[in-house]
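# Chains, contacts and geometry: an overview
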Amino acid sequence: MAASLCLGGCSSPRTDTEGEDKTIVTMLYSSDLPNLEKLVESTYTDIDLQIETNAQGTIDGEVERRLRNGHGSDIVTTTLATGDVLNYLADLSAEKYVSAYQSGIMHKTARDGKNLFIPLPAQYYGYIYNVTLVRENGLSVPTTQDELLAMLKKAKEKHIGTDETGSNFALNGTPATTAAFAIATKIPDFFGLSDGIRWLDDFKNGKASFTGSLETCLDLPLEMIKKKYMDPLPFTSGSNSAPILEKMSSGKMLMAFDNVTMFDNIRKNSSYEFDMLPMFSSEGNPAWTVSTPTAFLGISKTLTGEGGEKQLDACQRILGLLSTPEGQDAFMMDNGAGYSYLVDYNRISDIVPAGIKDCIEEGYNYNVSMSNDFMRYFGNRCNAVLCGQTDRKSAFEQIDDYMRDGEDKSATLLGTINHDMIVENYNVRLGETEIGNLISDAVREMTGADVAVVNGGSIRGSLYKGDIYSYDLDYVCPYEDNIIVLEVNADVIRSMLANGLSAMLRNAEIPGGRFLNVSGLKYSFTPPTDASSAQLVDVTLPDGSPLDENAIYTIAVTDYMAGGNGYSDNNGDGFTMLNVYSDDTPKGKDVKLVRKTKYTFRSILEEYIINHNDGEIASKIEGRITSVKGNE
């Protein structure tokens with residue numbers, strides 16, 4: 001390993017700060033980072049690094065919204081080294097640790113001659129596959145695209161590594177991953193050749209066009225969908241992403257396109273053996289891997305003002321420590337990333353899967369150089385094609401328009417809110433919140449149901465004091481599940497609430513999204529422990545009176561919860577007692593579908609705000625959901 005670079009204060013002696021207040025530094029990220037946190041706090045005992053994990057598929061939109069509304073974290077994380085986030089970052093150009101990184105990546109992210117970011121280590125992408133199933137069933141490991149399709153065909157015929165839909169290949173369906181896959185399929189036969197290099201130069205200068213050049217990047221995924229190797233559902237706008245970790249680790253999926261972090265998580269949670277393969281050519285060209293920075297880190301500009309000196313110094317020391325081999329090692333152990341942008345950094349040998357090492361060592365690694373905001377839009381349009389919402393010609397014409405003019409960001413002012421309603425640290429999955437009450441009240445009012453419930457996993461972003469625009473609701477409620485009204489009895493209500501409590505402790509201590517925010521009910525529960533899940537204690541009507549055991553209640557839920565589309569396994573997060581749609585799961589007892597609506601949480605909240613725009617929208621904690629001790 002290369003000698004440690006002592007930059008940004010990383011070599012400062014440790015000081016004993018026992019008894020003194022520590023400087024808290026906050027950072028929003030998509031997963032926890034225990035090794036990095038431990039390294040920072042053991043090196044600088046006066047710093048308390050607090051990582052808040054976020055449930056979004058991408059953290060970018062929520063990061064920018066928080067910064068705009070004064071709730072940004074101290075260390076700013078983004079996968080988009082572009083956009084509004086640039087206006088909220090401190091200039092890092094004078095910091096010594098900036099010189100520790102390869103000049104190419106720093107030049108790529110520089111803005112107006114200033115360095116606002118440092119890059120986190122890169123993720124390698126490729127085909128993750130179940131080595132055990134391949135070996136035990138006499139399948140041949142593919143070396144070309146045609147051989148890949150042949151292997152999937154044979155496996156499907158023999159029901160090897162197939163799920164309940166008959167699929168044996170998975171792509172999680174997020175726009176970023178779809179974009180990476182579409183581009184990756186063309187690397188061996190286009191981007192890795194002179195024609196592709198010239199096209200990319202034209203693209204950067206605004207002269208290239210996807211139409212007529214790259215529509216074929218969807219040939220492979222469209223063929224996989226046509227032959228039913230891959231399920232198109234995760235590509236539907238608002239649908240949950242494919243549960244790759246669960247299906248791959250259980251042997252219900254033979255292969256998936258994803259990154260090394262996913263590969264690492266799968267192998268840690270499975271008894272099967274796994275490896276990764278590169279992207280294959282259909283024309284005899286060498287195979288390639290794909291890499292892209294996991295994210296970029298900056299420091300909030302607010303810390304450069306008066307009163308921010310201690311936190312600014314702490315942030316600088318953290319970024320300096322991260323800019324050493326030890327810091328990169330810690331992050332890569334947490335994240336599974338496989339390539340550091342530090343100068344002369346020696347890679348940790350066991351991070352890169354064996355199946356892609358040769359490509360990397362021989363230089364067949366393509367670093368995606370298109371901007372992340374473009375890749376997000378590109379992936380969104382590709383998703384629309386893959387799920388049949390639009391045709392390829394229209395989608396690629398839209399992509400070309402975006403390249404020339406950018407995306408239309410017009411917005412409608414809906415109303416105002418009188419205080420912040422914050423989603424943070426998975427609070428909507430753990431107890432009563434103001435935003436949970438607001439949305440469930442909106443659903444109950446707009447549907448006329450006796451009871452409305454909103455699963456916490458559907459609430460993904462905060463509402464901030466002041467004007468509310470239509471685009472804000474895209475972050476708050478991104479899913480497009482339709483709201484339906486059911487008739488149920490008291491037993492079904494209790495079973496539904498109990499299931500909502502059953503996953504408050506999930507893997508990596510992240511609570512499951514099935515926790516229910518309510519309107520028209522009150523309920524209490526005992527909190528979960530290491531030995532048992534949370535338990536429902538009592539359910540009452542809002543005035544405290546008990547449920548009528550002989551009454552029939554109308555409840556507003558999503559079709560997702562009732563076994564409809566949007567959930568790959570059609571069991572709606574375990575709400576099988578509400579099932580009225582899925583034939584793969586027993587229908588709910590004493591439950592009747594009485595009305596379908598065209599509402600989603602987003603559209604119902606929009607209409608509710610408009611209807612109440614004669615005043616400021618308000619919500620408060622009312623004791624609808626309470627946590628009690630087991631003996632109370």
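This text goes with the structure placed above it.
Note that the structure is predicted; figures quoted are calculated from it, not measured.

### Section: the overall build of the chain
- Within the chain, the secondary structure is distributed over 20 helices and 21 strands.
- Relative to a compact globule of 632 residues, whose C-alpha radius of gyration would be 26 Å, the chain shows 25 Å and is just as compact.
- Across its three principal axes, the chain shows a C-alpha extent of roughly 70 × 65 × 50 Å.
- Here the chain holds 632 residues, and 55% of them are scored as buried.
- Partitioning the contacts of the chain with sequence separation of at least 6, the portion at a separation of at least 24 is 74%.
- Element-wise, carbon and sulfur atoms account for 45% of the exposed surface of the chain, whose accessible area totals about 26800 Å².
- Counting 55 positive and 89 negative side-chain charges, the chain places the averaged centre of each group 4 Å from the other.

### Quick notes on the packing of aromatic side chains
- All told, the structure shown has 29 aromatic pairs when counted by the stated rule.
- Ring geometry for Phe 210 against Phe 396: centres 6.2 Å apart, planes inclined by 40°, an arrangement best described as tilted. Here the residue Phe 210 occupies a position in the loop between helix H8 (194–204) and helix H9 (219–226), and Phe 396 occupies one in helix H16 (residues 392–405), the gap between them amounting to 186 residues.
- Residue Phe 396 is classed as buried on the basis of its relative accessible area, which comes to 1%.
- Three or more aromatic residues joined by ring pairs form one cluster here, namely Phe 190, Phe 191, Trp 199, Phe 203, Phe 210, Tyr 366, Phe 374, Tyr 377, Phe 378, Phe 396 and Tyr 402.
- Over the ring of Tyr 44 we find Arg 317; its NZ or CZ atom is 4.9 Å from the centre of that ring.

### Overview of the sheet that holds strand S13 (residues 451–455)
- Read across the open sheet, the five strands follow the order S16-S13-S19-S15-S20; overall the sheet is mixed. One side of each edge strand has no neighbouring strand; the edge strands of this open sheet are strand S16 (516–519) and strand S20 (591–596). Ignoring strand direction, the axes of neighbouring strands in this sheet form an average angle of 30°.
- Each of S13, strand S15 (483–488), S16, strand S19 (553–558) and S20 is contacted by helix H17 (residues 434–447), which is oriented at about 50° to S16, the strand it contacts most.
- The sheet contacts of helix H20 (residues 601–611) involve S13, S15 and S19, and relative to S13 the element is tilted by about 125°.

### Focus: the pattern of salt bridges
- Taken as a whole, this structure holds 21 salt bridges when the rule is applied.
- Measuring nitrogen to oxygen at the nearest pair gives 2.6 Å for the salt bridge that ties Glu 397 to Lys 393. Here Glu 397 and its partner Lys 393 are both found in helix H16, four residues apart, which amounts to about one turn of the helix.
- For Glu 397, a relative accessible area of 35% translates into the label partly exposed.
- By relative accessible area, which is 58% here, Lys 393 ends up exposed.
- Taking the shortest distance from any N to any O, the salt bridge between Glu 549 and Arg 494 comes out at 2.8 Å. Of this pair, Glu 549 sits in the loop between strand S18 (535–540) and S19 while Arg 494 sits in helix H19 (residues 490–501); the two residues are 55 residues apart in sequence, bridging distant segments of the chain.

### Quick look at the nonpolar core
- Within the largest apolar cluster, 62 residues are counted, with the highest numbers of intra-cluster contacts made by Tyr 127, Trp 199, Phe 210, Met 370 and Phe 378.
- Element by element, the count of residues in this core is highest for helix H15 (residues 372–386), at seven residues.
- Each residue touching Phe 378, except ones within four places of it in the same chain, is listed here: Ala 179, Ala 182, Ile 183, Phe 210, Cys 217, Phe 396 and Ile 399.
- Ile 47, Ile 299, Leu 321 and Phe 331 belong to the second largest nonpolar core, which has 40 residues in total.

### Considerations on the side chain of Asn 517
- Mapping Asn 517 onto the fold places it in strand S16.
- By relative accessible area, Asn 517 is classed as buried at 1%.
- Within the local environment of Asn 517, its side chain forms a polar contact with the backbone oxygen of Val 428, the two atoms lying 3.4 Å apart.
- Residues within four places of Asn 517 in sequence aside, it is in contact with Val 428, Gly 431, Thr 433, Gly 436, Ser 440, Ala 452, Val 453, Val 454, Asn 455, Gly 456, Ile 459 and Ile 625.

### Describing the sheet that holds strand S17 (residues 522–526)
- Taken in spatial order, the three strands of this open sheet run S18-S17-S21, and their pairing is mixed. Strands with a single pairing partner mark the edges of an open sheet, and in this sheet they are S18 and strand S21 (625–627). Here the average twist between neighbouring strands, direction ignored, is 20°.
- Direction of pairing for S17 relative to S18: antiparallel, over a ladder of five bridges. Among the inter-strand pairings, Ser 524 is bridged to a residue of S18, identified as Asp 538.
- Along the sheet face, H19 touches S17 and S18 and points at about 140° away from the line of S18.

### Quick look at the pairing of strand S9 (residues 289–293)
- Burial analysis of S9 places five of its five residues in the buried class, which makes it a mostly covered element.
- Sheet topology places S9 next to strand S11 (residues 365–367); three bridges connect them, and they run parallel. Residue pairing across strands places Ser 291 opposite Asn 367, the latter belonging to S11.

Parameters at a glance
- Residues numbered from 1 in each chain as written.
- Predicted model: local features only at pLDDT ≥ 70, side-chain atom pairs only at ≥ 80, totals over all residues.
- Heavy atoms only, no water.
- Helix = DSSP H or I, 4+ residues; strand = E, 2+ residues; numbered from the N terminus.
- Rg over C-alpha atoms; globule rule 2.2 N^0.38 Å.
- Buried < 20%, exposed > 50% of the residue type's maximum accessible area, 1.4 Å probe, protein only.
- Contact = heavy atoms within 4.5 Å.
- Areas by Shrake-Rupley, 256 points an atom, 1.4 Å probe, with all protein chains shown as cover.
- Lys, Arg positive; Asp, Glu negative; His and termini not counted.
- Charge placed at Lys NZ, Arg CZ, Asp CG, Glu CD.
- Phe/Tyr/Trp six-rings, centres within 6.5 Å; stacked < 30°, edge-to-face > 60°.
- Lys NZ or Arg CZ within 6 Å of the ring centre and 35° of its normal.
- Pairing = 2+ DSSP bridges.
- Axes fitted to C-alpha atoms, helices over the stretch in contact; angles between N-to-C directions.
- Salt bridge = Lys/Arg side-chain N within 4 Å of Asp/Glu carboxyl O.
- Core = buried A, V, L, I, M, F, W, Y, C linked by side-chain atoms within 4.5 Å.
- Polar contact = N/O pair within 3.5 Å; in protein donor to acceptor, adjacent residues only side chain to side chain.

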